[in-house]
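Next come the chains, spelled out residue by residue.
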Amino acid sequence: MVDVNRLRVFRAVVASGSVNAAASHLGYTPSAVSQHVSALQKETKLTLIERSGRGIVPTAAGLELASRSDELMGTLARLDGAIDDLRQGRTETLSVCSFASAAEEWMPSVAATVLREFPDVTFTFRLNENGVAPPPMPPDLDIRTEVPGDDATRIDGYERHVLTTEPYVALLPKDHPLAGQDEVRMSDLADEPWIDDDPGKTTCGLIVAQATKAAGIAPRYVAYAGDHHGGIAFVAAGIGVTVIPQLATGNLPVSVVSLPVVDPSPHRRIVVHVHRQALLKPAARRVLELLTAAA
């Protein structure tokens, strides 16, 4: 069986780019790092590093070993966390997944309240959006968005609870000619430069696309941001306008104005799926109560 500490040291060498850098990061001497790597090569009967000029580089086998060990090291880290929780007397776990804007606006206060009321609970949180690795185990609660009018999402083993139906708003630079209005028609944005803050084409982006089509406009995108924060930053710089969910506007800069969008008025539905077994946990039921109140 592979020695886990030797593997950890070898991974540090690959990630750091040299034995000396890995030694500095790990708090080892360079000779100790080299001994660990040599022992791992003997243990695996593989050539994991080779000389390159005055330094070393991982071989193809070394890169493959480092890559394939990611899941193992993650599992061991979670196991260490579980052992620490048991030492501290935390025997119950609670896991929540959510999209980003709900995570930012709701989850910090929800988590703080739950941990205060249930100090023996280990609370873990993850994002469930595109590009984020799925959790190793199904979460106790999973907060998602839906397109109003579409069929309700269902997840086997979970109960679905509707939290709210949320409007979208238009964000404009504060010196924009439309910024002084009480609301803005979607068609009034037809000739504006737009910021696309949803390159993943998620539910949020689909709702905006449907609304612009319903208004008979085809937005001219001049910037593609990675998320709502990026989109807001582009608007603040005066580059264009964007349409985003109201929940994502909690901390707008003073240079950005938020206006309700009409004709049409896009909305999204926010739901939370609660695992039926999790409903037996008082902490999970409390999270559901807090989310309902926040929404």
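Our subject is the structure listed above.
Residues numbered from 1 in each chain as written. Predicted model: local features only at pLDDT ≥ 70, side-chain atom pairs only at ≥ 80, totals over all residues. Heavy atoms only, no water.

(A) Here's a closer look at a negative patch on the surface. A surface patch of like charges, here negative, comprises Glu-104, Glu-105, Glu-129 and Asp-227. Note that Asp-227 resides in the loop between β9 (220-224) and α9 (228-236). For Asp-227, a relative accessible area of 38% puts it in the partly exposed group. (Patch = residues over 30% accessible without salt bridge, like charges linked within 9 Å, V, L, I, M, F, W, Y side chains within 5 Å. Areas by Shrake-Rupley, 256 points an atom, 1.4 Å probe, with all protein chains shown as cover. Salt bridge = Lys/Arg side-chain N within 4 Å of Asp/Glu carboxyl O. Lys, Arg positive; Asp, Glu negative; His and termini not counted. Charge placed at Lys NZ, Arg CZ, Asp CG, Glu CD. Helix = DSSP H or I, 4+ residues; strand = E, 2+ residues; numbered from the N terminus. Buried < 20%, exposed > 50% of the residue type's maximum accessible area, 1.4 Å probe, protein only.)

(B) View of the packing of aromatic side chains. According to the stated counting rule, one finds 2 aromatic pairs in the structure shown. Note on Trp-194 and Tyr-221: the rings are 6.0 Å apart at their centroids and 80° apart in plane angle, and the pair reads as edge-to-face. Of the two residues, Trp-194 is situated in strand β8 (residues 193-196) and Tyr-221 in strand β9; the sequence distance between them amounts to 27 residues. Relative to Tyr-224, the ring of Tyr-221 lies with its centre 5.9 Å away and its plane at 40°, an arrangement referred to as tilted. When its relative accessible area of 57% is taken as the criterion, Tyr-224 is described as exposed. Counting every residue linked through ring pairs, the aromatic cluster contains Trp-194, Tyr-221 and Tyr-224. (Phe/Tyr/Trp six-rings, centres within 6.5 Å; stacked < 30°, edge-to-face > 60°.)

(C) Representation of helix α7 (residues 107-117). Among all positions of α7, only Met-107, Val-110, Ala-111, Thr-113 and Val-114 are buried. Buried residues along α7 cover an arc of 165° about the axis, so they all sit on one side. Elements in contact with the buried residues of α7: β3 (92-98), α6 (100-105), β4 (121-127), β5 (141-146) and α10 (282-294). (Arc of directions from axis to C-beta. Contact = heavy atoms within 4.5 Å.)

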